[in-house]
Amino acid sequence: MALTIRPYTQDDVAAVHRLAQRAFSPTPGDEFDPERPSMADDRRIVAEWDGRAVGHLGAWELGHFFGGRRLATAGITNVTVEPESRGRGVGGALLRAGLDAAHERGEPLATLFPLTRHVYRRKGFELAGVWPQAQVTTSALADLPTPTDVEVHPGGVEDLDEMLALERSVAPTEAGMLDRPREFAARNLRPGTHDAVVLARRDGELVGHLVYAHERSSADHAFFGLRVKELVGRDADALLALYHVLGSSASGAPSVILPVGPEDPLELWLPEQAWTASAVSWRWMSRLIDPAAAIAGRGWPDHVRGRAELDIVDPLWPDRGGAWTLQIEDGRGQLERGGAGTTRVEVGPLASWFTGWASATRLARYGKVTGSDLTTLAFLDAAAAGPAPWVRSFF
Ligand SMILES: CC(C)(COP(=O)(O)OP(=O)(O)OC[C@H]1O[C@@H](n2cnc3c(N)ncnc32)[C@H](O)[C@@H]1OP(=O)(O)O)[C@@H](O)C(=O)NCCC(=O)NCCS
């Protein structure tokens, strides 16, 4: 029988859970938790072979911020094929169908965390940003300057809406930040675990929040390790107040793993080299499903003005590729059909440039952009320049 890709239904819950266990779970006996906040059924698809569910793909409804504007994005996750059916095209078919569904929903961009890159590269994804993870000596956080006007107190799942509002208010100021749906964010705030939620307030207003967990540690003299799941601070004092809370566990936990973005002031404050190299940062990959809509949907620097005549190569949808002229002016960008197509780029590396992860000059140096002249490369570099794009959380 032929492979079919179909919508997910409640009848698939057990089979898809089993697929996820076999793909990702360290202990196959992990219990399914029906209370765990979950993605809506209509954002999932299932691959069926001989009447059996053999694969699954989900897509969170995300916003991704670039140039201060929110771009509707499919956050692809839980891509699984049962071990017995791998290597026969099921994963590729799921990806194509998942990207088609995102296109129909009007999401011009898809982002995911790849466990393996090849599968996604073949479908037009390329590296586009980082989920940074630094391991820091906990006592160094205790020694940071003390904030004067911020108070901290324990929080919980009941504070989620306020926390999300804070996250959304700071997101436009950083490249790549996510606007996450409530059920996505709630997954990090399940009660009954070792997780702690800490809120930082100034005059009653929420200015920062922290979610962290204890985990096993094999380090000498460690009772436990600390892992930060969420950390948002509107300003320096908010961040300092939250870092102090982490620092207060230095007696039991010698080190803490936390996401430190490219412009986080922590490195400016730490007087000594308190980093260790063992924390693993994750790269995310993005896919321009509809390059014209994506270019029109993100913000661009007000001071950059120019045009580039592109030849975009798309392995899945050749009709969305071809000759396009890019114009950027007054903070807005647009792609119009036509032009000489002198600057040739595959849709994957185009995504690396689009998010600001890789400059056009660097991509040209490694043969990922060809045919371009120096003036065009300088324009493209200036348009997408800025701190490396990053996200605060994994999905
Ligand atoms: C990754 C996964 C979803 C791919 O599904 P699949 O049905 O095996 O993939 P396909 O048969 O469509 O293969 C697509 C391409 O990727 C390659 N590929 C498949 N699995 C791969 C892997 N784990 N590592 C590297 N390449 C892989 C195939 O060789 C094929 O390459 P080609 O097009 O150049 O011939 C599946 O192997 C799986 O469930 N793995 C375990 C869970 C996992 O890692 N999920 C990804 C989470 S980001």
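Structure's up top.
Residues numbered from 1 in each chain as written. Predicted model: local features only at pLDDT ≥ 70, side-chain atom pairs only at ≥ 80, totals over all residues.

Draft legend 1. Representation of the pairing of strand β4 (residues 69-81). Here strand β3 (residues 52-66) pairs with β4 via eleven bridges, running antiparallel. Counted as the bridge partner of G63 is A72 from β4. Where β3 hands over to β4, the hairpin turn is made up of two residues, of which G67 adopts a positive phi near 60 degrees. In this sheet, strand β5 (residues 109-112) lies alongside β4 in parallel orientation, the contact comprising four bridges. Bridge pairing in β5 links A74 to A110. In this fold, β4 hands off to helix α2 (residues 90-104), which returns the chain to β5; that crossover is right-handed. (Pairing = 2+ DSSP bridges. Helix = DSSP H or I, 4+ residues; strand = E, 2+ residues; numbered from the N terminus. Right-handed = clockwise from strand over helix to strand, strands pointing away.)

Draft legend 2. A look at α2. Taking 1.5 Å per residue as the helical rise, α2 with its 15 residues ought to reach 21 Å, and the 21 Å between its terminal C-alpha atoms agrees with that figure. Within α2 the residues assigned to the buried category are V90, G91, L94, L95, G98, L99 and A102. Along the axis of α2, the buried residues cluster in a sector spanning 160 degrees; they form a single face. Looking one or two residues past α2, G106 carries a phi angle of roughly 85 degrees, positive in sign. (Expected span 1.5 Å × (residues − 1). Buried ≥ 20, exposed ≤ 12 C-beta atoms within 10 Å, placed from the backbone. Arc of directions from axis to C-beta.)

Draft legend 3. Representation of the sheet that holds strand β18 (residues 332-337). Pairing in this open sheet of five strands is mixed, and the strands run β18-β17-β16-β19-β20 from one edge to the other. At either margin of the open sheet sits one strand with a lone partner, and together these are β18 and β20 (369-370). The pairing of strand β16 (residues 306-313) with strand β17 (residues 322-329) spans seven bridges and is classified as antiparallel. Bridging across to β17, D311 finds its partner in A323. Sitting on the sheet, helix α10 (residues 347-355) is in contact with β16, β19 (343-346) and β20, with an inclination near 100 degrees to β19. Against the sheet, helix α12 (residues 374-383) contacts β16, β17 and β19, and its axis sits at roughly 95 degrees relative to β16. (Contact = placed C-beta atoms within 7 Å. Axes fitted to C-alpha atoms, helices over the stretch in contact; angles between N-to-C directions.)

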